[in-house]
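A look at the structure
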Amino acid sequence: MVHNFFAGPAILPQKVLKGASDAIHSFADMGLSLLEISHRSDQFVAVMDKAEALTRELTGAGDDYAVLFLTGGASSQFYFTAMNLLGSDETACYVDTGTWSTKAIKEAKQFGNIHVAASSEDKGFSYLPKTFDIPSEAKYLHITSNNTIYGTQYQNMPDLDIPFVCDMSSDLFSKPIDINKYDVIYAGAQKNLGPAGVTLVIIKKEILGKVNRQIPTMLDYRTHINKGSMFNTPPAFPIYVSMLTMEWIKDLGGLEAMQKRNEEKANIIYGEIDRNPCFVGKAASEDRSRMNVTFLPTKEEYVAPFLAMCAENNCVGIKGHRSVGGFRASTYNAMEASSVQVLADTMKAFAQKHA
Ligand SMILES: *Cc1c(COP(=O)(O)O)cnc(C)c1O
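Summary of the structure given here. (Residues numbered from 1 in each chain as written. Predicted model: local features only at pLDDT ≥ 70, side-chain atom pairs only at ≥ 80, totals over all residues. Heavy atoms only, no water.)

Position of Ala337 relative to the elements: it lies in helix α9 (residues 337–354). Separated by 75 residues in the primary sequence, Ala337 and Asn262 place their C-alpha atoms 8.3 Å from one another. Aside from chain neighbours lying at most four places away, what touches Ala337 is Glu264, Lys265 and Ile268. (Helix = DSSP H or I, 4+ residues; strand = E, 2+ residues; numbered from the N terminus. Contact = heavy atoms within 4.5 Å.)

Right, here's the structure in full:
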């Protein structure tokens, strides 16, 4: 068995992979593959409906929110959100916690005044800011709940009286959500939900239609709301696989169960990092991510032999992001605690040999 610690595209539940592969061969007793049927067929419309219903059930999003399945990745949402929500003379706040939020800021600047309400750049994005400078006129606060590259995660979202626009690409569905805090939640599927190719967007409908600019049809959220994410051909296969993952989450007990599962895994791996003389955690302890565990070797010469030992023990995807170095183990929902234990045991064995 290979233990898949890749950061994204990333591990999916075996049951989901089986369901996805079955649907490629024959879908819904149609005698056809999911890949070769009309997105307007009753059978596929039922998939869209189910994916939306499961999203609502897991997040608690009511009728005042729209659930969209779009393309273009989370990266497109960096400009989508600002283009649809921010007037050119208005201000939005952004929390800069590393690569992805930095990119979100860059895109949003094309559409209005961007105020960086907090940043952790001073310490290489190794922690999360807890105080924020928010001008009273700010329309929303853009925040990244989990920083996939740096391995930081807000364990509790800050309590601020401003609507949140949140990039949840790498921790959506990893723990319960208080939907009322958010005007927009978006997530590329390929971290914790499904294959690359679909982006889940949950958006409060009443916030739309307030900016005074021409928005190209495909970039206007209202187009996709009015057409049930079928204005153009939706990414049918990624949506189907995401739907299967949501069913899997529900069957296992929903987001509370995911939280428990993810805490258990985090305890195993961070416990080992903290007691092992060969490794040190990268992120500030209180901000450690339960999805992307970043750690560094205490000696640079450990890097190559540790990666070799991981490979011997079938632990793959451990090399850190090129901008951070060291190691990263992503432990998304689908990963079993037993796989994390294999990695922890590998670290232990490494220390016995090298420390
Ligand atoms: C991966 C990632 C993105 C980029 O997602 P794409 O779907 O590749 O555009 C954005 N934000 C976060 C937090 C991510 O982890």
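Next, the rest of the story.
That bond from Gly8 to Pro9 is cis: its omega, -10°, falls within 30 degrees of zero. Its identity as a non-glycine residue notwithstanding, Phe125 has a phi of 60°, on the positive side. Assignment of secondary structure puts Phe125 in the loop between β4 (113–119) and β5 (141–144).

To continue, consider the side chain of Ser169. Note that Ser169 resides in the loop between β8 (164–167) and β9 (182–188). A distance of 2.7 Å separates a polar atom in the side chain of Ser169 from a polar atom in the side chain of Asp167. Among the polar contacts listed, one links the side chain of Ser169 to the backbone nitrogen of Gly188, at a separation of 3.2 Å. Excluding anything up to four places from it in sequence, Ser169 contacts Ala74, Tyr186, Ala187, Gly188, Lys191 and Asn192. (Polar contact = N/O pair within 3.5 Å; in protein donor to acceptor, adjacent residues only side chain to side chain.)

A word on the packing of aromatic side chains. Going through the model one piece at a time under the given rule, you end up with 16 aromatic pairs. Arranged with centres 5.8 Å apart and planes meeting at 45°, the rings of Phe279 and Phe350 form a pair that is tilted. Placement of the pair is Phe279 in strand β11 (residues 279–281) and Phe350 in helix α9, with a sequence separation of 71 residues. According to the relative accessible area criterion, Phe350 is buried, its value standing at 0%. The ring of Tyr127 has Lys123 lying over it, and the distance from NZ or CZ to the ring centre is 5.7 Å. It is Lys181 that lies over the ring of Phe164; its NZ or CZ is 5.2 Å from the centre. (Phe/Tyr/Trp six-rings, centres within 6.5 Å; stacked < 30°, edge-to-face > 60°. Buried < 20%, exposed > 50% of the residue type's maximum accessible area, 1.4 Å probe, protein only. Lys NZ or Arg CZ within 6 Å of the ring centre and 35° of its normal.)

Let us look at the environment of Ile177. Of note, Ile177 is situated in the loop between β8 and β9. By relative accessible area, Ile177 is classed as buried at 16%. C-alpha of Ile177 to C-alpha of Met157: the two residues are 20 residues apart in sequence and 9.7 Å apart in space. Apart from the residues lying within four places of it in its own chain, the contact partners of Ile177 are Thr59, Met168, Leu172, Tyr182, Ile185 and Leu255.

Turning next to the pattern of salt bridges. The final tally for this structure, using the stated rule, is 14 salt bridges. The shortest N-O distance in the salt bridge between Asp287 and Lys130 comes to 2.9 Å. Within this pair, whereas Asp287 is found in the loop between β11 and β12 (292–297), its partner Lys130 is found in the loop between β4 and β5, the two being separated by 157 residues in sequence. Relative accessible area serves as the criterion here: at 3%, Asp287 is assigned to the buried category. What makes Lys130 partly exposed here is its relative accessible area of 48%. Close ionic contact of Arg275 with Glu272 constitutes a salt bridge, the shortest N to O distance being 2.9 Å. Residue Arg275 and its partner Glu272 are both found in helix α7 (residues 254–275); the two are separated by 3 residues, about one turn of the helix. Linked through salt bridges whose partners overlap, the residues forming this network are Glu272, Arg275 and Lys348. (Salt bridge = Lys/Arg side-chain N within 4 Å of Asp/Glu carboxyl O.)

All quantities given are derived from atomic positions and should not be read as evidence of function.
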